[in-house]
Amino acid sequence: MRRCLFLDRDGVINIAPPAGEYIRRWDEFRLLPEAISWIRLFKADGYLAIVITNQRGIELGQHSEADLMALHEKMRAALAAEGAFIDDIFYCPHAEGACDCRKPLPGMVVQAQQKWNIDLSASLLIGDGERDRLLAERCGIPFVMVRDGRVIG
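Residues numbered from 1 in each chain as written. Predicted model: local features only at pLDDT ≥ 70, side-chain atom pairs only at ≥ 80, totals over all residues. Heavy atoms only, no water.

### Let's talk about the environment of Asp27
Inspection of the secondary structure assignment puts Asp27 in the loop between strand S1 (4-7) and helix H1 (33-44). Separated by 69 residues in sequence, Asp27 and Glu96 have C-alpha atoms that sit 27 Å apart. (Helix = DSSP H or I, 4+ residues; strand = E, 2+ residues; numbered from the N terminus.)

### Things to note about the side chain of His63
Tracing the backbone shows His63 in the loop between strand S2 (48-54) and helix H2 (65-81). Its relative accessible area of 7% is what places His63 among the buried residues. Apart from residues lying up to four places away in sequence, His63 is in contact with Tyr22, Ile23, Arg24, Gln55, Gly57, Ile58 and Leu68. (Buried < 20%, exposed > 50% of the residue type's maximum accessible area, 1.4 Å probe, protein only. Contact = heavy atoms within 4.5 Å.)

### Focus: the sheet that holds strand S3 (residues 88-92)
Hydrogen bonds along the backbone pair up the strands of a sheet, which may run parallel or antiparallel. Taken together, six strands build an open sheet; the order of strands is S3-S2-S1-S4-S5-S6 and the sheet is mixed. A single partner strand is all that each edge strand has here, and the edge strands are S3 and strand S6 (150-152). The sheet shows a mean angle of 30° between the axes of neighbouring strands, taken without regard to direction. In this structure, strand S4 (residues 124-127) lies alongside strand S5 (residues 143-147), joined through three bridges in parallel fashion. The residue of S5 that forms the bridge with Gly127 is Met145. The sheet contacts of H2 involve S2 and S3, and relative to S3 the element is tilted by about 150°. (Pairing = 2+ DSSP bridges. Axes fitted to C-alpha atoms, helices over the stretch in contact; angles between N-to-C directions.)

### Looking at H2
Along its 17 residues, H2 runs 24 Å from first to last C-alpha, staying within 8% of the 24 Å computed at 1.5 Å per residue. Listed in full, the buried residues belonging to H2 are Leu68, Leu71, His72, Met75 and Leu79. Angularly, the buried residues of H2 cover 100° about the axis, an arc narrow enough to put them on a single face. Facing away from the buried side of H2 by more than 90 degrees, the exposed set consists of Ala66 and Ala81. Elements in contact with the buried residues of H2: H1, S2 and S3. (Expected span 1.5 Å × (residues − 1). Arc of directions from axis to C-beta.)

### Remarks on helix H4 (residues 130-139)
Of all the positions in H4, only Asp132, Leu135, Ala136 and Cys139 are classed as buried. Buried positions in H4, seen along its axis, are confined to an arc of 95° and lie on one side of it. For H4, the elements touching its buried residues are S2, helix H3 (107-116), S4 and S5.

Okay, structure coming up:
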């Protein structure tokens, strides 16, 4: 089985938008340099690097799934240019209560685990909110809380 660094996107890989707003375009996306370092460090130790992110903006009509895919390809390219390679991205486009994949529910982690043969207890989830912490707890994944690229609590 494989170890994995799970990362939330907004607030972990990039600067989070203000509450109630969404990152819709690449020109709104600001990489956090600490995330680049974390990904490079864990990849050097043999971990997978997988992004798990709620993207309800699709359901709300803020942007399309094609827009999200284009943004994620640019994010992957920008990270790769810095030597920080992402193995996969799982996202939930649904509204609250409409699925089993919206964090803190375990759907995205279960999908990743099945696809990549991941040992959750030997993995790590880096997140910036209570949903991420609850997801990690429910899945038996060690958790680190961050804010603005800094580990807290």
